[in-house]
Amino acid sequence: MAPAVSIEKLQKRFGLVEAVKDVSLQVEPGEIFGLLGPNGAGKTTTLRCLCTLATPDSGKIEISGISVLDEPKLARQKLGYVAQEVALDKVLTGRELLQLQAAIYHLPRGSVKAQIEQAIDLLGLQEWADQKTGSYSGGLKKRLDLAAGLLHRPDVLVLDEPTVGLDIESRLIVWGFLRQLRDSGTTILVTSHYLEEVDALADRVAIIDRGVVIASGTPSELKDRVGGDRVTLRIREFTPPEEAERAKALLQDLPFVQNVIINSAQGNSLNLVVAAQSEALSAIQQTLKAAGLPTFGISQSRPSLDDVYLAATGQTLMDAEMAASSQRDLKAERKQNMR
Amino acid sequence: MSQTITPSSGNLNGSQAPSPAIAPSATFSLAEFSQETLALTRRLFIQLQRRPSTLVAGIIQPVMWLVLFGALFQNMPQGLFGGSQNYGQFLAAGVIVFTAFSGALNAGLPVMFDREFGFLNRLLVAPLASRFSIVLASAIFIATLSLVQTSVIIAMSAFLGAGLPHLLGLGLVIAIVLVLVLGVTALSLGLAFALPGHIELIAVIFVSSLPLLFASTALAPLTFMPNWLKIVASLNPLSYAIEPIRYIYTHPHWLLGSVIMETPFGAVTLGLSLLILVGFSTIALLSIRPLLRRSFT
């Protein structure tokens, strides 16, 4: 069976900026695939090429074995695209927007009404369906946009940062909805720069950085590959630097401790990488106690996807985001997005 | 946002069998084309119904033209402008054409805003039978508005003493307006796809509309113009819409072979004028095709 989405060696540049340098990924039918990366990493450009909104400079894109470049119309029928920015016509009601959506996907007139009702029910829009979208809240707009993207029952639903700017409740609603959709057989490709989102939702993940896929696999595979557990230690609520340095020197010598970093942004807390599943916490506390240092707080956790990103790129997602956003050619991108 | 979404399980996509709703087809289907064109047109009319100010302004403006501009030259010597009995009669044709023209010239603006807000992407990711449906929907919409405006102008001109052409003449006036609107709408949409943003589009509309008015026979006949302007006005497609309408207004017994205008390049008959107009619109429509295809279709 052909993969639901297959992208091979995708390249796309805007002017002097290489938005996508080398992206290859395969999304299997019926899974949620997360594309994780900082803003400006090339996620949206990848999706725009997939959804026939941008022409790649090189590379191959297939939807269930159909070449997007050769058969754009067939590909469009199989795809549902929910863009990052919700673009609704504020003068239309939700139902009118769905009617327009149904017509541009050529749904047969006989079943349109039922299908629209179903979409409205699915996303809990009954109360608002006949109000103008201009009066909707951000969460409502996103739900209507989702309903529109799903109306023609696409094989592959493509969502670009579906929960950016949403309140936590709306975010949970969207997550739950995407899981249900996956469980009923729809393939979902979702981009995000939220670690928790990808971690919570995605069956498999590709991490993308500066236009290149740097890691891919299931979230737990990726974490296992980084290895070790993470320990966050606070000696005091706000630890004096010299005390943190002293603790660092002590802890570095413990056999199971692989690395210690002082996080000055978090009141000089200590971030340790320790051997996986080790009984690290009690040993650390005893070592501190013996040296006359208190423990304000200590916790052990498995590595997060941020640690995966950190290990692959040498910087955290947040740092990368700041760096990338200063390098983007926003004008060229805007121009491209306006097609 | 407080209620939860509880889809009755299994009715999401059923078994996810390829939905029969969409027969996979890459070939052009007229049924699909008319379905999407109708829906896009309907959207424009819903917008108009809920925000009618453009239509109201679009009717007040030409009436102002007729009343104020007509009054300005009311005392001009009779016969100065050819066969017209008064300037109001002369002006009617100009106002009809210029009103239709400016409406069509603005047709690109909503499309430009759709582009800027990302709404156009919604249409471009959809399997449209042809992106020409976007153009056709705008053209149908603008043409309907123009017909409403034209009717008001004709009625108002009749009230102001310009008289009324016969039924066949009226039919031809409407046909001329429709052909012009189609061509200019196409050009405007072409600009909406080609220019970077609405600021640039408004600038183009701004610098092109009044010069095209003055360099046409809308306000004064060719015979009244210096030679260089005669040449410009004879190259201006608007003249080829204005002169036939004006001739129909002043000559109840018009024929397709009647000479309606003496351009520096030769005499132009009513029939030739119509032919030139149709040619202009056809070229305009054809010339925007590559723009619609810009990202691949």
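Calculation criteria
- Residues numbered from 1 in each chain as written.
- Chains lettered and ligands numbered in written order.
- Predicted model: local features only at pLDDT ≥ 70, side-chain atom pairs only at ≥ 80, totals over all residues.
- Heavy atoms only, no water.
- Pairing = 2+ DSSP bridges.
- Helix = DSSP H or I, 4+ residues; strand = E, 2+ residues; numbered from the N terminus.
- Axes fitted to C-alpha atoms, helices over the stretch in contact; angles between N-to-C directions.
- Contact = heavy atoms within 4.5 Å.
- Expected span 1.5 Å × (residues − 1).
- Buried < 20%, exposed > 50% of the residue type's maximum accessible area, 1.4 Å probe, protein only.
- Salt bridge = Lys/Arg side-chain N within 4 Å of Asp/Glu carboxyl O.
- Phe/Tyr/Trp six-rings, centres within 6.5 Å; stacked < 30°, edge-to-face > 60°.
- Domains from an automatic or database assignment.
- 1 Å grid on protein atoms, 1.4 Å probe; cavity = no way out; pocket = protein on both sides within 12 Å on 5 of 7 lines; lining within 4 Å.
- Points joined across faces, edges and corners; volume = space filled by probe spheres on them.

**Q** How should I be thinking about the sheet that holds strand β12 (residues 257-263) of chain A in this particular structure?
**A** Pairing between sheet strands relies on hydrogen bonds along the backbone, with the strands arranged either parallel or antiparallel. Residues and elements named next belong to chain A. Spatially, β12-β13-β11-β14 is the arrangement adopted by the four strands of the open sheet, whose pairing is antiparallel. Whereas interior strands pair on both sides, the edge strands pair on one side only; in this sheet they are β12 and β14 (297-301). On average, adjacent strands in this sheet sit at an angle of 15 degrees to one another, irrespective of strand direction. Direction of pairing for strand β11 (residues 229-234) relative to strand β13 (residues 269-274): antiparallel, over a ladder of five bridges. The partner of R230 across the bridge, within β13, is V273. Contacts between helix α9 (residues 241-252) and the sheet are confined to β11, β12 and β13, with β12 contributing the most and set at about 170 degrees to the helix.

**Q** Explanation requested: helix α5 (residues 138-150) of chain A in the structure shown.
**A** Working note: α-helix, 3.6 residues per turn, so residues spaced by three or four point in the same direction. An ideal rise of 1.5 Å per residue puts 18 Å on 13 residues; α5 of chain A measures up with 18 Å between its terminal C-alpha atoms. The element α5 of chain A is largely enclosed, with a buried count of 11 among its 13 residues. The complete set of buried residues in α5 of chain A reads G139, L140, K142, R143, L144, D145, L146, A147, A148, G149 and L150 of chain A. Where α5 of chain A is buried, its residues contact β6 (79-82), α3 (94-104), α4 (109-122), β7 (156-160) and α6 (168-183) of chain A together with α5 (119-124) of chain B.

**Q** Please clarify how the interface of chain A and chain B should be interpreted in this entry.
**A** Where the parts come together, the accessible area they lose is often given as the size of the interface. Taken together, the contact pairs 64 residues of chain A with 51 residues of chain B. Counting across the interface, chain A meets chain B through four salt bridges. The closest approach of N and O atoms between D145 of chain A and R122 of chain B, which form a salt bridge, is 2.7 Å. Elements with a contribution of two residues or more to the side of chain A that touches chain B: α2 (72-78), α3, α4, α5 and α6 of chain A. At eight residues, α3 of chain A tops the list of elements feeding residues into the side of chain A that touches chain B.

**Q** Sorry if this is basic, but what is going on with the packing of aromatic side chains here?
**A** Residue and element names in this part refer to chain B. In the structure shown here, the tally under the stated rule is nine aromatic pairs over all chains. A ring pair is formed by W65 and F69, whose centres lie 5.4 Å apart and whose planes are at 45 degrees; its orientation type is tilted. Of this pair, W65 and F69 are both found in helix α2 (residues 53-72), four residues apart, which corresponds to roughly one turn of the helix. Consider the rings of F69 and F73, whose centres lie 5.6 Å apart with planes at 35 degrees: the pair is tilted. Accessibility expressed as a relative area gives 33% for F73, which makes it partly exposed.

**Q** Could you clarify how one ought to interpret the pattern of salt bridges in this entry?
**A** A side chain of one charge can pair with a side chain of the opposite charge when the charged atoms of the two come close. All told, the structure shown has 21 salt bridges over all chains when counted by the stated rule. Among the salt bridges present, the one from E161 of chain A reaches K43 of chain A, with a minimum N-O distance of 3.5 Å. Of this pair, E161 of chain A sits in the loop between β7 and α6 while K43 of chain A is found in helix α1 (residues 43-50), placing the two residues 118 residues apart along the sequence. By relative accessible area, which is 2% here, E161 of chain A ends up buried. Between E243 of chain B and R246 of chain B there is a salt bridge whose closest N-O contact spans 3.0 Å.

**Q** It is not clear to me how the pairing of β12 of chain A should be interpreted in this structure. Could you clarify?
**A** All names here are of chain A. In this sheet, β13 lies alongside β12 in antiparallel orientation, the contact comprising six bridges. Bridging from a neighbouring strand, V260 pairs with L272 of β13. With antiparallel pairing between neighbouring strands as the criterion, β12 and β13 make up a hairpin whose turn holds five residues, including G267 at a positive phi of roughly 60 degrees.

**Q** How should I be thinking about the domain arrangement of chain A in this particular structure?
**A** Its domain assignment divides chain A into domain 1 (5-223 + 317-337) and domain 2 (228-302). When each unit is reduced to the centre of its C-alpha atoms, the spacing between domain 1 of chain A and domain 2 of chain A is 41 Å.

**Q** How should empty space enclosed by the protein be read in this particular structure?
**A** If a probe as big as a water molecule is rolled over the atoms, it shows which places are left empty. Under the definition given, this model contains four cavities of 30 Å³ or more. Of the pockets and cavities examined, the largest cavity occupies roughly 130 Å³. Along the walls of the largest cavity sit 14 residues, with Y81, V82, A83 and D145 of chain A together with R122 of chain B positioned nearest its centre. Counting residues per element, the ones that place at least two in the lining of the largest cavity are β6 and α5 of chain A together with α5 of chain B.

**Q** Hey, could you run me through the environment of L166 of chain A in this one?
**A** Residue and element names in this part refer to chain A. Within the fold, L166 resides in the loop between β7 and α6. Given a relative accessible area of 11%, L166 falls into the buried group. Once the C-alpha coordinates of L166 and I261 are considered, the two residues, 95 residues apart in sequence, prove to be 33 Å apart. Those residues in contact with L166, other than ones at most four positions away along the chain, are G138, G139, K142, R171 and V174.

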